[in-house]
Amino acid sequence: MASDLFQSPDYYNIDDLLSEEHILVRNATRDWVKKDVSPIIEDYAQKAEFPKQMVAGLAEIGAFGPYIPQEYGGAGLDQISYGLMMQEIERGDSGVRSTCSVQSSLVMYPIYAYGNEEQRKKYLPKLASGEFLGSFGLTEPDFGSNPGGMVTNFKDMGDHYLLNGAKLWISNAPFCDVAVVWAKNEEGRIHGLIVERGMEGFSTPETHGKWSLRASATGELVFSNVKIPKENLLPNKSGLGAPLGCLDSARYGIAWGALGAAMDCYDTALRYSKERVQFGRPIGGFQLQQKKLAEMITEITKAQLLVLRLGQLKNKGLATSAQISMAKRNNVDIALKIARDARQMLGGMGITGEFPIMRHMMNLESVVTYEGTHDIHLLITGMDVTGINAFT
Ligand code: TGC
Ligand code: FAD
C-alpha cells in the first residue's frame, strides 16, 4: 500500500468539543495505526491472515477494555475516548477494530458487568494485556437475527454443567483462549458461560473463503459434551437482555469505527482527485466528482456529530439501545456508500491494494451485517417510534 498520508476531516471544528484527554487518546491511537497497521494490513488482508503481532500493541495503547476500570487492567477512559479509539483503529482496518470490539465489549464487558469478583480478577487483567484473546458466541447456524431461538444448551450435572451445541460466524474463534458463550439451561433461560480452550469436547474450526474482514479470523465454536465448572457461569444477569446488553456497547463502538473507515475513504479520494489529471485538469475540478466529495463530507460531518452526542449520553448512562441502533445503522450505511463512491473516483486504481478503499468497502459488507443487520436496526428504530413490534 502507498504510504499513509491520512489527514482527518473536521469540517465543523468538532475537535473544539473534545477534551485534552480525548485528543491525546485519539492522536496516540492514530499514530499507532499509521506506524503498526497501515504498512502491513493490506498484505495480511490479501493473504487472509490475522496479524497476531498487533495484539501486544493494541493492549499497550489501551484498546482492550478502554472503559473497564484500571483495577481490572482496563484503561479507565470515558465512552468518547473509547469511541475515538475505535474510529482510529477502523480507519486502519475494520478487522482490527473487530478484534478490539469483541475483546472489550463482548468478552471483558460481560465478565465485568455480569461476573463475580473472582471471575473479574481471574480473566480481566489477562484479557486487557492481550495474554488471553476472547470470543463471543451468540449466533448459531439457524439463529442469527433472532438469537432468542438458540438451541445451544447446558444441563446441571451436580458438580458441573454439560454444554452442547454450536456457534457460527464467531470472530477470533480459531485462536481464542476463552469464549463467552450464551446457552439455554434446562428451563430454557439464557445464561453466559466462560469456556476455556483445552476443555475436552470444545473445538473452533476456522471459516475460510471470506471476501470481507480478511484480516480477522472467523470460525465456529463447537461443544460436544463439554464439562463446564460451575464457577464459570456468569451469575449476575441472565435472559436475552444479557447478551443484547453487550451488543449495545459493541454497536456503539462500531458506530464510531465505521466513521473512521468512511473518513479514510474520503481523505484518499479527495487527495487523488487533486492529483489525477484527465482531460487536461484534475478530476476534482469536474462537477460530478465534486458532488461526490461534497456529499461525503456532509455525511461524515453529520455522523461525527451523531456519535459525539451519543457518547455524551452514554457517559451519563442515558443512551438508549434504540439510539445506539440508529447510530450503528446510519454510520455503517454512510460509510458503505462513501466507500463505493470513493472507489469509483479512483477509477481502475480503486480496485487495487495500492489504496485502502476496496478493502474498507469489502470489510463494511460484514460490518453492515454483524451486530444486527441494517434492516434489524431499522426495525428497532421503527418499534421505538411507533411502539409496535414488527418482529413478532
Ligand atoms: P426482545 O423480546 O425484544 O428482547 C428480549 C429481552 O432483551 C431486552 N433487550 C435488550 N437489552 C439490552 N440491550 C438491547 N439492545 C436490548 N434489546 C432488547 C428486552 O428488553 C427483553 O428484556 P426482558 O427483560 O423483557 O426479557 O427480543 P427479540 O427476541 O424480539 O429480539 C429483538 C432483536 C431482534 C432486536 C434482537 O434479537 C437483536 O438485536 N437481533 C440481532 C442479533 C445480533 O445483533 N446479533 C449479533 C451477534 S454478535 C456479533 O455479531 C459480533 S460481531 C463482532 C465483531 O467482529 O465486531
Ligand atoms: P439472518 O438472520 O438469516 O438474516 C438474513 C437476512 O434476513 C438479513 O438481511 C436480515 O436483515 C433479514 N431479516 C432477518 N429477520 C428479519 C425480519 N424480522 N424482518 C426483515 N428482515 C429480516 N456472531 C456472534 O455471535 N459472534 C461474533 O463474533 C460474530 N462475528 C461475526 C463476524 C462476521 C465476519 C460475520 C459476517 C458475522 C459475525 N457474527 C457473529 C454473526 C452476525 O451477528 C450475524 O451474521 C447477523 O446477526 C445476521 O445473522 P444471519 O447471518 O444468520 O442472517
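As a reminder, the structure under discussion sits directly above these lines.
Note on numbering: residues in each chain are counted from 1, in written sequence order. Each chain is given a letter, starting from A, and each ligand a number, starting from 1, according to the order in which they appear as written. Per-residue local features are limited, in this predicted model, to residues with pLDDT of at least 70; the limit for side-chain atom pairs, both in listing and counting, is 80 or more; totals at the level of whole chains, interfaces and linings are taken over all residues. Where side-chain values are given, they derive from all heavy atoms of the structure, hydrogens and water being excluded.

1. Comments concerning the packing of helix 8 (residues 321-345) against helix 10 (residues 374-386)
It is at 9 Å that the axes of helix 8 and helix 10 come closest, and there the two elements cross at 140°. Judged on the interaxial angle alone, helix 10 and helix 8 are oblique. Both helix 8 and helix 10 take part in a crossing whose hand is left-handed. Taken together, the residues of helix 10 that come into contact with helix 8 (itself represented by Ala-322, Ser-325, Met-326, Lys-328, Arg-329 and Asp-333) are His-374, His-377, Leu-378, Ile-380, Thr-381 and Asp-384. Classifying every residue of the contact of helix 8 with helix 10 gives four nonpolar, four polar and four charged. Comment: axis = line fitted to C-alpha atoms, over the contacting stretch for helices; angle = value between 0 and 180 degrees taken between N-to-C directions. Only DSSP runs of H or I reaching four residues or more are called helices, and only runs of E reaching two or more are called strands; each is numbered from the N terminus. Relative orientations are named as follows: roughly parallel for angles under 35 degrees, roughly antiparallel for angles over 145 degrees, roughly perpendicular for angles from 65 to 115 degrees, and oblique for any other angle. Crossing chirality is assigned from the near helix's rotation relative to the far helix, an anticlockwise turn below a right angle marking it left-handed and a clockwise turn marking it right-handed. Throughout, a contact is declared for two residues whenever any of their heavy atoms are within 4.5 Å. Each residue gets one of three labels, nonpolar for Ala, Val, Leu, Ile, Met, Phe, Trp, Tyr, Cys and Pro, charged for Asp, Glu, Lys and Arg, and polar for the others, Gly among them.

2. With respect to a nonpolar patch on the surface
There is a patch of nonpolar side chains on the surface, built from Tyr-11, Tyr-12, Leu-17 and Leu-305 and spanning about 480 Å² of accessible area. Looking at the secondary structure, you find Leu-305 in helix 7 (residues 287-315). With a relative accessible area of 34%, Leu-305 lands in the partly exposed category. Exposure above 30% relative accessible area and the lack of any salt bridge qualify a residue for a patch; like charges then connect within 9 Å, and the nonpolar side chains Val, Leu, Ile, Met, Phe, Trp and Tyr within 5 Å. The method behind every accessible area is Shrake-Rupley, applied with a 1.4 Å probe, and residues are considered shielded solely by the protein chains displayed. Here, a salt bridge means any side-chain nitrogen of Lys or Arg that lies within 4 Å of a carboxyl oxygen of Asp or Glu. Burial classes follow relative accessibility: with a 1.4 Å probe on protein chains only, a residue under 20% of its type's maximum area counts as buried, one over 50% as exposed, and anything between as partly exposed.

3. Description of the site of ligand 2
Only heavy atoms are used to decide nearness, and a residue is near a molecule or strand if one of them lies within 4 Å of it. Around ligand 2 lies a shell of 18 residues, among which Phe-136, Thr-139, Ser-145, Trp-169 and Thr-373 are the nearest. Separating an oxygen atom of ligand 2 from a side-chain N or O atom of Thr-373 is a distance of 2.6 Å. Surface burial for ligand 2 is 66%, taken as the share of its 980 Å² of free accessible area covered by protein chains. In the cavity and pocket records, a cavity denotes points on a 1 Å grid over the protein atoms alone where a 1.4 Å probe fits but cannot get out, a pocket denotes an open set with protein on both sides within 12 Å along at least 5 of 7 lines, and lining residues are residues with an atom within 4 Å of a point. If over half the atoms of a molecule are within 2 Å of the grid points of a cavity or pocket, the molecule is regarded as sitting in it. More than half of the atoms of ligand 2 fall within 2 Å of the grid points belonging to the largest pocket. Each polar contact in these results corresponds to two N or O atoms within 3.5 Å; when the atoms are within protein, one needs to be able to donate a hydrogen and the other to accept it, and residues that are neighboring in sequence are counted only if both atoms are side-chain atoms.

4. Section: the side chain of Gln-87
Residue position: Gln-87 is located in helix 3 (residues 79-92). For Gln-87, a relative accessible area of 5% puts it in the buried group.

5. Regarding helix 1 (residues 20-46)
Helix length check: helix 1, at 27 residues, gives a terminal C-alpha distance of 38 Å against a target of 39 Å (1.5 Å per residue), a fit within 8%. Bend at a residue means the angle formed by two fitted axes: the first through the 7 residues ending at that position, the second through the 7 residues beginning there. The principal kink in helix 1, of about 45°, is found at Val-37, preceding the proline Pro-39 by one to four residues. After helix 1 finishes, the residue Ala-48 shows a positive phi value of roughly 55°. To estimate how far a helix should extend, the number of its residues minus one is multiplied by 1.5 Å.

6. A look at the pairing of strand 2 (residues 153-156)
Regular strands place their side chains on alternate faces of the sheet. At least two bridges found by DSSP between two strands are what make those strands a pair. Bridge count between strand 2 and strand 3 (residues 160-171): four bridges; the pairing is antiparallel. Considered in strand 3, the bridge of Lys-155 is made with Leu-162. Counting the residues between successive antiparallel strands, the hairpin from strand 2 to strand 3 contains three residues, one of them, Gly-158, with a positive phi of roughly 95°.

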